[in-house]
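Summary of the model geometry
So you can see what is in the structure, the chains are spelled out below.
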Amino acid sequence: MPDSYAVDLRGKAAVVTGSGRGLGLAYALALARAGAGVVVNDVDEAAAEQAVKTITQAGGRAVAEVAAVGTGEAADRLVARAVEEFGRLDVMVTNAGILRDRVLWKMTDDDFDAVVTTHLRGTFTCARAAAVRMREQGEGGSLILVGSPAGQRGNFGQTNYAAAKAGIAAMVRTWSMELARADITVNAIVPVAATAMTETIPAFAPYIEAMKEGQPLPDFLRKGEGFGTADDCAALVPFLASGYARDVTGQCVGIGGDRLALWSHPQEASVAYADGGWTPETIAAAWHTSVGSAPEPVGIPAPKILGA
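Just so it is clear, the model here is predicted, and its values are computed rather than measured.

This paragraph deals with the pairing of strand β2 (residues 37-42). Across the six residues that make up β2, a large majority, six, are buried. The two faces of β2 match: G37, V39 and N41 on one face and V38, V40 and D42 on the other face are all buried. Regarding the hand of the β-α-β motif, the stretch spanning strand β1 (residues 13-16), helix α1 (residues 22-33) and β2 is right-handed. The handedness of the β2 to strand β3 (residues 61-66) crossover, carried by helix α2 (residues 45-57), is right-handed.

With that settled, consider the sheet that holds strand β5 (residues 141-146). Taken together, eight strands build an open sheet; the order of strands is β3-β2-β1-β4-β5-β6-β7-β8 and the sheet is mixed. Looking at the sheet topology across the chains shown, the edges are occupied by β3 and β8 (259-262). Between one strand and the next, the sheet's axes are offset by a mean angle of 20°, whatever the strand orientation. Relative to β5, strand β4 (residues 91-94) is paired through four bridges, and the arrangement is parallel. Counted as the bridge partner of V93 is I144 from β5. Packing against the sheet, helix α6 (residues 159-178) makes contact with β5, β6 (184-191) and β7 (252-256), and its axis sits at approximately 160° to β5.

Here we come to α6. In this model, α6 (20 residues) spans 28 Å end to end at C-alpha, consistent with the 28 Å of a helix rising 1.5 Å per residue. All buried positions along α6 are accounted for by N160, Y161, A162, A164, K165, I168, A169, M171, V172, W175 and S176. Its buried side turned inward, α6 meets α4 (109-137), β5, α5 (149-153), β6 and β7.

A separate point is α2. Taking 1.5 Å of rise per residue, 13 residues should cover 18 Å, and α2 covers 18 Å from first to last C-alpha, within 8% of that figure. Among all positions in α2, only A47, A48, A51, V52 and I55 are buried. Along the axis of α2, the buried positions cluster into a sector of 140°, meaning they face one direction only. Opposite the buried face of α2, at more than 90 degrees from it, the exposed residues are E45, A46 and Q57. On its buried face, α2 sits against α1, β2 and β3. Once α2 finishes, G59 follows within two positions and takes phi at roughly 95°, a positive value.

This part is about the nonpolar core. Ranked by size, the top nonpolar core spans 38 residues in total, and within it Y27, L31, V38, V40, V93, I144 and I189 carry the most contacts. Here this core takes nine residues from α1, the largest share from any one element. When neighbours within four sequence positions are excluded, Y27 is seen to be in contact with V16, V93, N95, V146, I189, P191, C233, A234 and V237. Residues A96, A131, I168 and A169 belong to the second largest nonpolar core, which totals 32 residues.

Looking now at the environment of L179. With respect to the helices and strands, the residue L179 is situated in the loop between α6 and β6. Take L179: its relative accessible area is 9%, and that puts it in the buried class. A sequence separation of 44 residues divides L179 from R135, and the C-alpha atoms of the two residues are 8.7 Å apart. Ignoring anything within four residues of it in the chain, the contact list for L179 reads A131, R135, L143, I184 and V186.

When β7 meets β8, the two strands line up antiparallel, connected through four bridges. Of the residues in β8, the one forming a bridge with V253 is L262. Between the end of β7 and the start of β8, which pair antiparallel, lie two residues, with G257 showing a positive phi angle near 60°.

Bringing the pattern of salt bridges into the picture now. Taken as a whole and assessed by the stated rule, the structure comprises 14 salt bridges. Linking R10 and D8 is a salt bridge whose minimum nitrogen-to-oxygen distance equals 2.5 Å. You can call R10 exposed: its relative accessible area is 64%. For D8, a relative accessible area of 41% translates into the label partly exposed. Linked through salt bridges whose partners overlap, the residues forming this network are D219, R222, K223, D232 and D258.

So, how was this worked out
- Residues numbered from 1 in each chain as written.
- Predicted model: local features only at pLDDT ≥ 70, side-chain atom pairs only at ≥ 80, totals over all residues.
- Heavy atoms only, no water.
- Buried < 20%, exposed > 50% of the residue type's maximum accessible area, 1.4 Å probe, protein only.
- Helix = DSSP H or I, 4+ residues; strand = E, 2+ residues; numbered from the N terminus.
- Right-handed = clockwise from strand over helix to strand, strands pointing away.
- Pairing = 2+ DSSP bridges.
- Axes fitted to C-alpha atoms, helices over the stretch in contact; angles between N-to-C directions.
- Contact = heavy atoms within 4.5 Å.
- Expected span 1.5 Å × (residues − 1).
- Arc of directions from axis to C-beta.
- Core = buried A, V, L, I, M, F, W, Y, C linked by side-chain atoms within 4.5 Å.
- Salt bridge = Lys/Arg side-chain N within 4 Å of Asp/Glu carboxyl O.

In structure tokens form, the structure reads like this:
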């Protein structure tokens, strides 16, 4: 790679929520390697401190702030910690999340509220606090929200999670317009990686176990499914935080394994017209031969596992 494309975040400061382990830790490490000071956030104090140790032992700069995201108070604490330690805030990565998977008729109010509070409200409060600080600084910044294929297509048993992630995609589009004049970019990453959650998918499980034993993931997973490690997903974060992405905003970008992709925004797939407007009867007569002739698919496509 030419030196002119080196991503340099020295002098920048970032907050990464839910970064004690997994994808969040990979994002924090990638930002630190690029030179940014990082506030590591997690609800698990031991995990947060270990993450900071990992980053600093690798030559990076990091501090821990233990808090459960969701409230405005927690978001303000994270921003204040970045300013206290590094003098500023340039990047907010809203990664923190939990799962409470249930089918609709078994999902409780608490199951729904807990996931929406962490993912959707946590993204909102942290992005709001960051936007306030970045606008005060007057030097732009980057909001990097974390989406999911479930938010793009839906996923069985994940009413709460899919709804929250779909809401995050809508926030990206809205905030990119609202913050454009302040030179604050807003994008979502849509990662696919071997994590504690994907280990439970039967089709992936044997390959993840083999990977843990030092075997590489096969190409049909890394390329065909865009499935790899957390580190494979992390490169997108410092890029979006860098000067090379100052014209990238309002986008949902997928990454995983060897694959980088741009997700489309919702739009009308087909249109039909009726002079004078529609009635229930004319819709019924026209549906299957016009707008309803090719229904949109739902759900995350099943992995195409060789030999299955």
